[in-house]
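Fold and contact review
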Amino acid sequence: MSLALPLPYGCLVWIRFILIQNRAGKTRLAKWYMQFDDDEKQKLIEEVHAVVTVRDAKHTNFVEFRNFKIIYRRYAGLYFCICVDVNDNNLAYLEAIHNFVEVLNEYFHNVCELDLVFNFYKVYTVVDEMFLAGEIRETSQTKVLKQLLMLQSLE
Amino acid sequence: MLAGSRPGVGKAATSRRLAPLCSPSPGKSKEAEIKRINKELANIRSKFKGDKALDGYSKKKYVCKLLFIFLLGHDIDFGHMEAVNLLSSNRYTEKQIGYLFISVLVNSNSELIRLINNAIKNDLASRNPTFMGLALHCIANVGSREMAEAFAGEVPKILVAGDTMDSVKQSAALCLLRLYRTSPDLVPMGDWTSRVVHLLNDQHLGVVTAATSLITTLAQKNPEEFKTSVSLAVSRLSRIVTSASTDLQDYTYYFVPAPWLSVKLLRLLQCYPPPEDPAVRGRLTECLETILNKAQEPPKSKKVQHSNAKNAVLFEAISLIIHHDSEPNLLVRACNQLGQFLQHRETNLRYLALESMCTLASSEFSHEAVKTHIDTVINALKTERDVSVRQRAVDLLYAMCDRSNAQQIVAEMLSYLETADYSIREEIVLKVAILAEKYAVDYAWYVDTILNLIRIAGDYVSEEVWYRVIQIVINRDDVQGYAAKTVFEALQAPACHENLVKVGGYILGEFGNLIAGDPRSSPLVQFNLLHSKFHLCSVPTRALLLSTYIKFVNLFPEVKPTIQDVLRGDSQLRNADVELQQRAVEYLRLSTVASTDILATVLEEMPPFPERESSILAKLKKKKGPSTVTDLEDTKRERSVDVNGGPEPAPASASAAVGPSPAVPACCDGLGNNLLLFCSLMFVCKNNGVLFENQLLQIGLKSEFRQNLGRMFIFYGNKTSTQFLNFTPTPVPRCGLDSLTRTHLNLQTKPVDPTVDGGAQVQQVVNIECVSDFTEAPVLNIQFRYGGTFQNVSVQLPITLNKFFQPTEMSSQDFFQRWKQLSNPQQEVQNIFKAKHPMDTEITKAKIIGFGSALLEEVDPNPANFVGAGIIHTKTSQTGCLLRLEPNLQAQMYRLTLRTSKETVSQRLCELLSQQF
């Protein structure tokens, strides 16, 4: 049997989780790309909130987190956080967040926090269109929106 | 967008129905919310249990409500069956809610898995791209082993089938990637692999984006099979970077063509060495030059999105340039580009430039170019507001340090230390200590630096650091007088750190005589100075000082009565601490009964410590974890030399007073006897030292290992004044019983000069290749003539299986998941044994790291246990290894468990490691 041990460091790269939280620490989306049990998830959510909210705007959008790093961006009262391996490309994920937010904004016509709350099942669909298995799946806003509209027409 | 919360609730019909459940206004009490939710749960439960069968729409409505309640943070213990039922609906919305419920709420060992898999199977076969997409996303999100078993055969077929829709291909590629990560053994390579590589040529850039991730992961494990991806990736990349900003339409992001795909392609190329085909290589170099050129062009947009996307590609290109480390021109250009970023107004860019430069500093081509930015980096250390940026500046200063700038860098780090954040002080202390030692031309400077460290950040100076300064002072007689004078002066300060008292006590005990001629530091003054600190110190320090006092008795007979009075005092002789009491009693007795000669012998000056590499390096690495880029570099350069049995010397132990035992394994009486020594235990966890010594010959070793290769430098020293003739050392691999026909180890070497002059040393280099795992260490046979007699010595060479270990970091979750996967009885080997050495946590950690495995902190629920992970590299295979060591302090026992996929490996590693504790 060959064994599923990780490869040397240079190679080990994928998104471990995506979190959207508000300033009070309420989770608006949690998407996990590796196995965690419920307690662990709760702990991660709290830790990320604690790490990210204390940083001011002059700080970098990156912060070391356990053996990983969080790349985050704040939009009004919401923090969009992506946890990746330390040697992954910071700016690529920083813009992936923005790309995602622009799609949400277009899809929900000027998105706000409550859209994410009440349309959670649609948000999951948007995430799956753009990120899958911890990797970037589709980056074209046109293509994603076209697909989302097609799915909406099936409702 | 997201500018503020709008009044009212969502638009869709479902949203309105969910509204009463949600209380976004914080005013409502938690209790009221729970009450409302329980009521709703009861209602849903009764609907599900009701006599009337629910239609699909109602079922969806209630499952969706359950999901919503779960996401609000409440437990849900029913509704699974209804969700599974939704999967077989023909309506998209019902199916979607069913799949979502399952991805979020169903764990892999559920008994429903069979039903779920069945529904997925139907959807995969449905030829309806929407349903296929939902099914593939569900597999990718759950990714359990059961799903891998069920679908690892099917997904590749969907991926490469000619009639699959593009969006389904994208999902299938990443779905397969998830299954491969979970259970690589269930995803066999096959005909599909070559067709997957050709997806890099696909028309649809979304398909290329997804496929590149899959190919990168597969190529890491199977580089040969995916070799053709290199030229395809280069040509794809080339087409992207040379395209005009509007060519790629949908995939142009703020005027940057396909930034994410470019990053992924550049990352795929980092799995391989530079392309061999000159045409491909030339094209790649052109791409990289184009990317560097674009960085100099005026921006096409003022938006930060534009510059971020452009720079994401640039940084990845620089990573590839560093990875190849072969084009001096590109390396220097990369360095100049990063130099510009160091002063950029964007904090993100300054941070990334510092980080990236750290790796550039270790390339011989760009090291000098990096050094030119020293002033900017020092300035960053002083002015950056974000601690993580300052931390990167420290890392970079450390990486760019060499003999030419060491004094400046150390001085800057010391002055930063005064105000540094507490979280990074210890690391800075270690770095300063390492640099000061590594680049010390003048050891007086070294001593000053370390004493400064103790003065500024005494609490963060670990034992390794002050042990090390003592080792160095003892080994270099040119600095001893200066050291004694300096510590004496430093101790004058009214409040000095306890670590300074330790160093001061130790050094004055050895070399106080060198400054005793000066009446200002006469023996009595020295003693009074030390003793004035005594009562404020902790027990170990007081124990050390007592040893200093007895050394003074030998050095300065005139203070003997004073010291005897102190030892005789109740606070010593009757001290509640057993160690202090014993020292006082023994030293007092020694000073009374022993003659001057005996005293002089027992309390002789410490012999030099065997030259060894710093254990501080190991400490630094342990602290940082082997995951940062700088650290990778350190590992590359220093893996061979950093490991060191443990924190020695231990001046605080009683043996310090009488000198440590020499660290040479002199187990040979040897004149002309054929001695076969067993692989010296001390070499299992370290790579350098004296292997063998008798009256004629000393054999020293220095070795380094990387993956399945190694290189060993053997030094033969002629200890006599007569020539050795016909000197022929031959290393030979030995075969175990299981391998009469196969060699497990290849050793290559050249013969050395057959004449070794008296007092001379010759060197032999042995190149080692590990073909497969082995148990028998090779033997070094040495024959030579000395003064007319024929000498024959055989020594085992310490090349053990663990030398081919590469550490692997992983989370607790991963560790235990893999641990469970390796549960066959043949995969596990366990040994329970008695501790042969004191059970010290730090020493144990150092040994596990020295053994080659990663030491995983916070993985085992019991903090007293140690767990490690790594990969044994041989030419024929890579074997993942997990280990766990459980000490039992009361019984003075250990239990060691090894789990690997190969029985012989588990067995051998367990044997080797068991002997170490």
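An unreviewed UniProt entry annotates chain B as AP-2 complex subunit alpha originating from Prolemur simus. As recorded by UniProt, the Subunit (unreviewed entry) comment attached to chain B reads in full: "Adaptor protein complex 2 (AP-2) is a heterotetramer composed of two large adaptins (alpha-type subunit AP2A1 or AP2A2 and beta-type subunit AP2B1), a medium adaptin (mu-type subunit AP2M1) and a small adaptin (sigma-type subunit AP2S1)." Listed in UniProt under the heading Sequence similarities (unreviewed entry), the comment for chain B reads: "Belongs to the adaptor complexes large subunit family."

As recorded by an unreviewed UniProt entry, chain A carries the name AP complex subunit sigma and is attributed to Prolemur simus. The Sequence similarities (unreviewed entry) field of the UniProt record for chain A holds the comment "Belongs to the adaptor complexes small subunit family."

Let us now look at helix α25 (residues 463–475) of chain B. Across its 13 residues, α25 of chain B extends 18 Å between first and last C-alpha, which sits within 8% of the 18 Å expected from 1.5 Å per residue. The buried fraction of α25 of chain B is high, at 11 of 13 residues.

The next thing to look at is unusual backbone geometry. With phi around 45°, R66 of chain A is a residue other than glycine that occupies positive phi space. One can find R66 of chain A in the loop between β3 (62–65) and β4 (68–75). For R66 of chain A, a relative accessible area of 43% puts it in the partly exposed group. Not every positive phi belongs to a glycine, and A258 of chain B is a case in point at roughly 35°. Relative to the elements of secondary structure, A258 of chain B occurs in the loop between β2 (256–257) and α14 (259–269).

We now examine the pattern of salt bridges. Residue and element names in this part refer to chain B. Tallying each qualifying case throughout the model produces 47 salt bridges over all chains. Residue K431 is joined to E427 by a salt bridge in which the shortest nitrogen-to-oxygen separation is 3.0 Å. Taken together, the residues span about one helical turn, with K431 and E427 both in helix α23 (residues 422–438) at a distance of four residues. Considered together, K431 and E427 belong to a single accessibility category, that of buried residues. Between D565 and R568 there is a salt bridge, with the nearest N and O atoms lying 3.1 Å from each other. A residue pair is termed a helical-turn pair when its members lie 3 or 4 positions apart in one helix, as D565 and R568 do in helix α30 (residues 560–568) at three residues.

What follows concerns the interface of chain B and chain A. Taken residue by residue, the interface counts 97 residues in chain B and 81 residues in chain A. Roughly 8,100 Å² is buried in total at the junction of chain B and chain A, and carbon and sulfur atoms are behind 58% of that figure. On the surface where chain B and chain A come into contact, there are six salt bridges. For D56 of chain A, the salt bridge goes to R385 of chain B, with nearest N and O atoms at 3.4 Å. Counting across the chain B and chain A interface gives 30 residue pairs in polar contact (both at pLDDT 80 or more). Looking at the side of chain B that touches chain A, its residues break down into 44 nonpolar, 37 polar and 16 charged.

All names here are of chain B. Position of L397 among the secondary structure elements: in helix α21 (residues 387–400). Owing to a relative accessible area of 0%, L397 belongs among the buried residues under this scheme. Residues L397 and C358, spaced 39 residues apart in sequence, show a C-alpha to C-alpha distance of 8.2 Å. What L397 contacts, discounting residues up to four positions off in sequence, is I374, V377, I378, L381, I409 and M413.

Before going further, it helps to examine the side chain of S229 of chain B. All names here are of chain B. Note on placement: S229 falls in helix α13 (residues 229–241). There is a polar contact of 2.6 Å between the side chain of S229 and the backbone oxygen of F226. Those residues in contact with S229 that lie beyond four places of it in its chain are V197, L200, I215, L268 and Y272.

Residues of chain A with pLDDT of at least 70 account for 92%, and the chain-wide mean is 89. Counting contacts from residues 1–11 of chain A, a segment whose pLDDT is below 50, to residues more than four positions away or on other chains yields 43 contacts.

Let's shift gears to a negative patch on the surface. A surface patch of negative charge is lined by D442, D477, D478, E604 and E605 of chain B. Structurally, E604 of chain B can be placed in the loop between α33 (596–602) and α34 (615–624).

This part is about the pairing of strand β9 (residues 761–770) of chain B. Each regular strand carries side chains that alternate between the two faces of the sheet. Residue and element names in this part refer to chain B. Burial along β9 is one-sided: the face carrying V762, Q764, V766, I768 and C770 is buried and the face carrying Q761, Q763, V765, N767 and E769 is not. Relative to β9, strand β6 (residues 709–718) runs antiparallel, the two sharing nine bridges. Its bridge partner lying in β9, L709 is registered against E769.

Residues and elements named next belong to chain B. Across the interface, helix α4 (residues 80–87) lies against helix α6 (residues 113–125) with an axial gap of 9 Å and an inter-helix angle of 15°. Our classification of the angle between α4 and α6 gives roughly parallel. Of the two possible hands of crossing, α4 and α6 adopt the one that is left-handed. Facing α4, whose interface residues are M81, V84 and L87, α6 presents L115, I116, A119 and D123. Split by residue class, the contact of α4 with α6 holds six nonpolar, no polar and one charged.

Take the packing of aromatic side chains next. Summed over the entire model, instances satisfying the criterion amount to 34 aromatic pairs over all chains. An angle of 45° between the planes, with centres 6.5 Å apart, marks the rings of Y72 of chain A and Y79 of chain A as tilted. According to the relative accessible area criterion, Y72 of chain A is buried, its value standing at 6%. Ring centres 5.9 Å apart and planes at 90° place the aromatic pair F724 of chain B and Y786 of chain B in the edge-to-face group. In this pair, F724 of chain B sits in strand β7 (residues 724–732) while Y786 of chain B sits in strand β10 (residues 779–786), placing the two residues 62 residues apart along the sequence. Judged by its relative accessible area of 0%, F724 of chain B falls in the buried class. A relative accessible area of 23% means that Y786 of chain B is categorised as partly exposed. Chaining the aromatic ring pairs together yields one cluster made of Y716, F724, F727, F784 and Y786 of chain B. The side chain of R45 of chain B reaches across the aromatic face of F78 of chain B, ending 4.2 Å from its centre.

What counts, and where the lines are drawn
- Each residue is numbered by its place in its chain's sequence as written, counting from 1.
- Chain labels run from A onward and ligand labels from 1 onward, assigned in the order the entries are written.
- Totals for whole chains, interfaces and linings use every residue, but because this is a predicted model, local features are given only for residues with pLDDT of at least 70 and side-chain atom pairs only at 80 or more, for both listing and counting.
- Excluding hydrogens and water, the side-chain values take into account all heavy atoms of the structure.
- UniProt positions are given in the numbering used here, feature names are shortened, and annotations may be inferred rather than shown by experiment.
- Think of it this way: any DSSP run of H or I at least four residues long counts as a helix, any run of E at least two long counts as a strand, and we number them from the N terminus.
- Multiplying 1.5 Å by the residue count of a helix minus one yields the expected span of that helix.
- Whether a residue is buried, partly exposed or exposed follows from its accessible area with a 1.4 Å probe, protein chains only, as a fraction of its type maximum: under 20%, in between, or over 50%, in that order.
- What counts as a salt bridge is simple: a side-chain nitrogen of Lys or Arg found within 4 Å of a carboxyl oxygen of Asp or Glu.
- It only takes one pair of heavy atoms within 4.5 Å for two residues to be counted as in contact.
- When two parts are brought into contact, each loses some accessible area as probed by a 1.4 Å sphere; the total of that loss over both is the buried area.
- Polar contacts, as counted here, are pairs of nitrogen or oxygen atoms within 3.5 Å of one another; within protein the pair requires one atom able to donate a hydrogen and one able to accept it, and residues that are adjacent in sequence qualify only if both atoms are side-chain atoms.
- Note on residue categories: nonpolar means Ala, Val, Leu, Ile, Met, Phe, Trp, Tyr, Cys or Pro, charged means Asp, Glu, Lys or Arg, and polar means any other residue, Gly included.
- Confidence scores per residue from the predictor, reported as pLDDT, run from 0 to 100.
- To count toward a patch, a residue needs a relative accessible area above 30% and no salt bridge. Like charges then connect within 9 Å, nonpolar side chains (Val, Leu, Ile, Met, Phe, Trp, Tyr) within 5 Å.
- Working definition of accessibility: Shrake-Rupley area with a 1.4 Å probe, residue cover restricted to the visible protein chains.
- His is not counted, nor are the chain ends, whereas Lys and Arg count as positive and Asp and Glu as negative.
- Where a charge lies is defined by one atom per residue type: Lys uses NZ, Arg uses CZ, Asp uses CG and Glu uses CD.
- Only strands joined by at least two bridges in the DSSP assignment are considered to pair.
- Between N-to-C directions, angles span 0 to 180 degrees; the directions come from axes that are lines fitted to C-alpha atoms, helices contributing only their stretch in contact.
- By definition in this entry, angles of less than 35 degrees are roughly parallel, angles greater than 145 are roughly antiparallel, angles of 65 to 115 are roughly perpendicular, and the rest are oblique.
- Left-handed describes a crossing in which the near helix is turned anticlockwise from the far one by less than a right angle; the clockwise case is right-handed.
- Classification of ring pairs uses Phe, Tyr and Trp, with its six-membered ring standing for Trp, and accepts pairs whose centres are within 6.5 Å; under 30 degrees between planes counts as stacked, over 60 as edge-to-face, and the remaining range as tilted.
- Sitting over a ring, as applied to charges here, requires NZ of Lys or CZ of Arg to be within 6 Å of the ring centre and within 35 degrees of the ring normal.

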